[in-house]
Amino acid sequence: DEIDNICFRCKNVYNASLYMIRQHYIQTQKHLNYYDINKLMISSKNEDYYKLPTRISNHVIKNLDSNYTSFFKSIIDYKKHKNKLFFHAIFKTYT
């Protein structure tokens, strides 16, 4: 039960951080790094962020930052070497 609760809160922290990153990117075309995301999560007083141990919350955000950075690197790599990759990473926008 405790592990389920931790996993649930980690998912919520990841999704809330991802939402902040995407909104910032859509508005400014700039990527938020780990430190900026962390500051936003602290200033927004996200309940799940504070209910998790700090080490875990930070690790979730670092993981998201790594995933997001990798996503944009794959887009750049695809543009340079279209025959190298089997997929094309797409940033979905919702209307």
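So, here's what we can say about the structure. (Residues numbered from 1 in each chain as written. Predicted model: local features only at pLDDT ≥ 70, side-chain atom pairs only at ≥ 80, totals over all residues. Heavy atoms only, no water.)

### Topic: helix H1 (residues 2-28)
The first and last C-alpha atoms of H1 sit 39 Å apart over 27 residues, in line with the 39 Å expected at 1.5 Å per residue. Among the residues making up H1, those that are buried are Arg9, Cys10, Asn12, Val13, Ala16, Ser17, Ile21, Arg22 and Tyr25. Each element contacted by the buried residues of H1 is listed here: helix H2 (34-43), helix H3 (47-51) and helix H4 (54-80). Just downstream of H1, glutamine 29 is the residue with a positive phi angle, here 60°. (Helix = DSSP H or I, 4+ residues; strand = E, 2+ residues; numbered from the N terminus. Expected span 1.5 Å × (residues − 1). Buried < 20%, exposed > 50% of the residue type's maximum accessible area, 1.4 Å probe, protein only. Contact = heavy atoms within 4.5 Å.)

### What about the packing of H1 against H2?
Where H1 meets H2, the axes come as close as 10 Å, and the angle between the chain directions of the two elements is 110°. Considered as vectors, H1 and H2 are oriented roughly perpendicular to each other. Every pair of crossing elements has a handedness; the one defined by H1 and H2 is right-handed. On H2, the residues touching Val13, Ala16, Ser17, Met20 and Ile21 of H1 are Ile37, Leu40 and Met41. For the contact of H1 with H2, the per-class residue count stands at seven nonpolar, one polar and no charged. (Axes fitted to C-alpha atoms, helices over the stretch in contact; angles between N-to-C directions. Parallel < 35°, antiparallel > 145°, perpendicular 65-115°, else oblique. Left-handed = near helix turned anticlockwise from the far one by under 90°. Nonpolar A, V, L, I, M, F, W, Y, C, P; charged D, E, K, R; others polar.)

### Digging into the packing of H1 against H4
One way to put it is that H1 packs onto H4 with a least axis distance of 9 Å and a crossing angle of 45°. Regarding the angle of H1 to H4, the classification is oblique. Crossing geometry of H1 relative to H4 is assigned as right-handed. Across the interface between the two elements, Cys10, Val13, Tyr14, Ser17, Leu18, Ile21, Arg22 and Tyr25 from H1 touch Ile56, Ser57, Val60, Ile61, Leu64, Asn67, Tyr68 and Phe72 from H4. Class assignment for the residues of the contact of H1 with H4 results in 12 nonpolar, three polar and one charged.

### Here's the deal with the packing of aromatic side chains
Applying the stated criterion to the full structure yields six aromatic pairs. Measuring from centroid to centroid gives 5.4 Å for tyrosine 49 and tyrosine 50, while their planes differ by 90°, and the two rings are edge-to-face. Take tyrosine 50: its relative accessible area is 47%, and that puts it in the partly exposed class. Between the aromatic rings of tyrosine 68 and phenylalanine 71, the centroid separation amounts to 6.4 Å while the plane-to-plane angle is 35°, which identifies the pairing as tilted. (Phe/Tyr/Trp six-rings, centres within 6.5 Å; stacked < 30°, edge-to-face > 60°.)

### Considering the pattern of salt bridges
Considering all chains together, one arrives at two salt bridges under this definition. Aspartate 48 serves as the salt-bridge partner of arginine 9, at 2.5 Å between the closest nitrogen and oxygen. Of the two residues, arginine 9 is situated in helix H1 and aspartate 48 in helix H3; the sequence distance between them amounts to 39 residues. Overall, aspartate 48 belongs to the buried group, its relative accessible area being 13%. For glutamate 47, the salt bridge is made with lysine 51, and the minimal N-O distance between the two is 3.7 Å. Of this pair, glutamate 47 and lysine 51 both sit in helix H3, separated by four residues, roughly a single helical turn. (Salt bridge = Lys/Arg side-chain N within 4 Å of Asp/Glu carboxyl O.)

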